[in-house]
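Structural characterization, general
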Amino acid sequence: MDKILIEGGRRLEGRVRVSGAKNATLPLMCAALLADTPVTLKNVPDLMDVRTTAKLLRTMGVGVAIEGDAAVIDAARIASPEAPYELVKTMRASILVLGPLVARCGRARVSLPGGCAIGERPINLHLKGLEALGAAIRLTGGYVEAEAKRLRGDRLYLDFPTVTGTENLMMAAALAEGRTTIKNAAREPEIEDLAALLNRMGARIEGAGTDMITIEGASRLSGAEHTVIPDRIEAGTFMVAAGVTGGDLVLEGARLDHLEAAVAKFREAGLEITRDPSGAVRVRGGRPIRSVDVKTLPHPGFPTDLQAQMMVLMALSRGLSVITETVFENRFMHVPELRRMGARIETQGSRAIIEGVAGLDGAPVMASDLRASAALVLAGLAARGTTEVNRIYHLDRGYERMEAKFAAVGAAIRRVRG
Ligand code: UD1
């Protein structure tokens, strides 16, 4: 298994290009299932999750051609509207095919994703919404089976603003008969990006990015071209990297309007975040890092996907801080690993209490999930001595060549193949 070796303590300086967003790309690829002519996506990141989604679509008989950062997806014919366990178990976002398949093919069979490292993560809200749109749902043999001759628009209310749930329902409603409204919808930028593609495909969606989305169903959707938004979580991860190394990074393509809550907290902690003359975002870390309290929330709140990285910043701050995780129930797996590097962190249920230390020490550590892995790399960049991050397949799921990007701005970091 590959691992990453880091000699910590180098100050990072230079320009980094932010890749296309993973969490936008996956639903955009699944949206292509709704169109009877090819969809072209640009600025597609080269990630394991993107390759898994391509594989998943190909098992259905859909044509997927990826060349450089462009993907052409041709779902003129869908031979089998099924998502097998072998693929779904490696990537929970596979559930995003459910809505489009039942809307386009009248039936779908998708493996239940099951639990994962960061909590139970049920899909009950996806299923409840599809049922309200007229799908008959059956759970059998670990699979969800959904059937509907033609979905019918309805008024939906989400108990929680689930991101992929909102996306699944928005895609299903785009081919339903009549109007659907989704109240308490998720407001993440990736939802807006998906609505933008669907509208180019011929859908009529309003309100994406707010908590109420209206979708006028169409009888058919056709292919279109779309450029994926930049990855706000990758950008936020690099901001923390500048913070913990006292560095000076220019992030090309980063969008501050997608990161307002995180940027506000990073600034409170002492990072200087500005636009440089080229329009890119410049991030400078200063000393001391100030301690700030953070609570994760659905967008536009502080993203749970930056919680682990923020904890590394706070681990090196002067003072005490409290990080409260409200989105997932079990997302502190990085804590014991960070403690092994000398961080002082106590957890009490959904709260982590962090007492900043002057420095961290390199150690062999184990990555447990995608964002926890990123946090361990950040800790390694700041630590004295060598850090060995194991199980980095998590990192490869969601970060495009992270070690190469860090090495290009002065980090002593390399991948060891094994
Ligand atoms: C998406 C992101 C993930 C991010 C998360 C929260 C993608 C591919 N993944 O995941 O990176 O961490 O949003 O910002 O975009 N819930 C239910 N019932 C449901 C659905 C969700 O109870 O049917 C709960 C979950 O258990 C969780 C919370 O809602 O506690 C938020 O989950 P959700 O927004 O659905 O996350 P994902 O869409 O899976």
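Heads up: the structure comes first, above all this text.
Attention in this report is confined to the structure presented alongside it.

Thresholds applied
Residues numbered from 1 in each chain as written. Predicted model: local features only at pLDDT ≥ 70, side-chain atom pairs only at ≥ 80, totals over all residues. Heavy atoms only, no water. Helix = DSSP H or I, 4+ residues; strand = E, 2+ residues; numbered from the N terminus. Rg over C-alpha atoms; globule rule 2.2 N^0.38 Å. Buried < 20%, exposed > 50% of the residue type's maximum accessible area, 1.4 Å probe, protein only. Near = heavy atom within 4 Å. Polar contact = N/O pair within 3.5 Å; in protein donor to acceptor, adjacent residues only side chain to side chain. Areas by Shrake-Rupley, 256 points an atom, 1.4 Å probe, with all protein chains shown as cover. Nonpolar A, V, L, I, M, F, W, Y, C, P; charged D, E, K, R; others polar. Expected span 1.5 Å × (residues − 1). Contact = heavy atoms within 4.5 Å. Core = buried A, V, L, I, M, F, W, Y, C linked by side-chain atoms within 4.5 Å. Arc of directions from axis to C-beta. Phe/Tyr/Trp six-rings, centres within 6.5 Å; stacked < 30°, edge-to-face > 60°. Lys NZ or Arg CZ within 6 Å of the ring centre and 35° of its normal. Pairing = 2+ DSSP bridges. Axes fitted to C-alpha atoms, helices over the stretch in contact; angles between N-to-C directions. 1 Å grid on protein atoms, 1.4 Å probe; cavity = no way out; pocket = protein on both sides within 12 Å on 5 of 7 lines; lining within 4 Å. Points joined across faces, edges and corners; volume = space filled by probe spheres on them.

1. Some words on the overall build of the protein
Counting secondary structure elements, the protein contains 14 helices and 24 strands. Taken over C-alpha atoms, the radius of gyration comes to 21 Å for the protein, in line with the 22 Å a tight globule of 418 residues would show. Principal-axis analysis of the C-alpha atoms gives the protein an extent of 65 × 45 × 45 Å. Every one of the 418 residues in the protein was classed for burial, and the buried ones make up 58%.

2. A short note on the site of the ligand
Neighbouring the ligand are 17 residues, the closest being Asn-124, Thr-162, Thr-164, Asp-305 and Val-327. Contact between the ligand and Pro-122: an oxygen atom at 3.3 Å from a main-chain N or O atom of the residue. One of the backbone nitrogen or oxygen atoms of Val-163 is found 2.8 Å away from an oxygen atom of the ligand. Considered on its own, the ligand offers 740 Å² of accessible surface; in the complex 86% of this is hidden by protein. Listed by contribution, the elements that provide at least two residues to the shell around the ligand are α5 (124–132) and α6 (163–174). The leading source of residues in the shell around the ligand is α5, at 3 residues. Grouping the amino acids of the shell around the ligand by side-chain chemistry returns 8 nonpolar, 6 polar and 3 charged.

3. Observations concerning the environment of His-394
Position of His-394 among the secondary structure elements: in helix α13 (residues 393–398). Between the alpha carbons of His-394 and Leu-370 there is a distance of 4.7 Å; along the sequence they are 24 residues apart. A distance of 3.4 Å separates a polar side-chain atom of His-394 from the backbone oxygen of Ser-368.

4. Section: helix α2 (residues 48–59)
Each full turn of the α-helix corresponds to 3.6 residues, which orients residues three or four apart in the same direction. Spanning 12 residues, α2 covers 17 Å between terminal C-alpha atoms, matching the ideal 16 Å at 1.5 Å per step. Turning to α2, its buried residues number three or more, namely Asp-49, Val-50, Thr-52, Thr-53, Ala-54, Leu-56 and Leu-57. Of the surrounding secondary structure, the elements contacted by the buried residues of α2 are α1 (22–31), β4 (63–67), β5 (70–74), β6 (82–83), α3 (85–88) and α13. Once α2 finishes, Gly-61 follows within two positions and takes phi at roughly 90 degrees, a positive value.

5. Some points on the nonpolar core
Met-60, Val-97, Met-170 and Leu-198 are the most contacted members of the largest nonpolar core, which totals 79 residues. If we ignore the near neighbours within four places in the chain, the residues touching Val-97 are Cys-30, Leu-33, Leu-56, Leu-57, Met-60, Ala-83 and Val-110. Val-244, Ile-273, Ile-345 and Ala-383 belong to the second largest nonpolar core, which has 72 residues in total.

6. Regarding helix α9 (residues 260–268)
Of all the positions in α9, only Ala-262, Val-263 and Phe-266 are classed as buried. Summarising the axial view, the buried residues of α9 lie within an arc of 95 degrees, below the 170-degree limit, and thus occupy one face. The secondary structure elements touched by the buried residues of α9 are α8 (232–245), β16 (272–275) and α10 (307–315). Backbone geometry just downstream of α9 places Gly-270 in the positive-phi region, at approximately 110 degrees.

7. Quick look at the packing of aromatic side chains
Within this structure, the stated rule accounts for 1 aromatic pair. Relative to Phe-406, the ring of Phe-238 has its centre 4.6 Å away and its plane inclined at 45 degrees; by these criteria the two rings are tilted. You can see Phe-238 sitting in helix α8 and its partner Phe-406 sitting in helix α14 (residues 402–408), a full 168 residues away along the chain. The residues Phe-238 and Phe-406 share a single accessibility class, namely buried. Directly above the aromatic system of Tyr-143 lies the positively charged group of Arg-109, at a separation of 4.0 Å from the ring centroid.

8. A short note on the sheet that holds strand β11 (residues 179–183)
Hydrogen bonding along the main chain pairs the strands of a sheet, whether they run parallel or antiparallel. Taken in spatial order, the 4 strands line up as β10-β11-β13-β12 in an open sheet, and their pairing is mixed. In the strand order of this sheet, the two ends are held by β10 (155–157) and β12 (204–206), each with one partner. Strand-to-strand, the axes of this sheet are offset by a mean angle of 15 degrees, without reference to chain direction. Strand direction decides the pairing type here: β12 and strand β13 (residues 212–216), joined by 3 bridges, are antiparallel. Looking across to β13, one finds that Glu-206 is bridged to Thr-214.

9. Quick word on empty space enclosed by the protein
With the rule as written, the count across this model stands at 3 cavities of 30 Å³ or more. Space inside the largest cavity adds up to approximately 40 Å³.

10. Digging into the layout of surface pockets
Roughly 190 Å³ of internal volume is contained in the second largest pocket. Forming the walls of the second largest pocket are Asp-46, Leu-47, Met-48, Arg-51, Tyr-393, Asp-396, Tyr-399, Arg-401, Glu-403 and Arg-415. Those elements giving two or more residues to the lining of the second largest pocket turn out to be α2 and α13. Looking at the lining of the second largest pocket, its residues break down into 4 nonpolar, no polar and 6 charged.

11. Notes on the sheet that holds strand β1 (residues 3–7)
On the basis of which strands lie adjacent, the open sheet formed by 4 strands has the order β22-β23-β1-β24 and mixed pairing. The open sheet has two edge strands with one neighbour each: β22 (364–366) and β24 (412–416). Within the sheet, the average angular offset between the axes of one strand and its neighbour, ignoring direction, is 20 degrees. Across 3 bridges, the pairing between β22 and strand β23 (residues 386–390) is parallel. Counted as the bridge partner of Val-365 is Val-389 from β23.

12. Thoughts on the side chain of Lys-405
Within the element layout of this structure, Lys-405 appears in helix α14. A distance of 2.8 Å separates a polar side-chain atom of Lys-405 from the backbone oxygen of Arg-17. A distance of 2.6 Å separates polar atoms of two side chains, one belonging to Lys-405 and the other to Glu-234.

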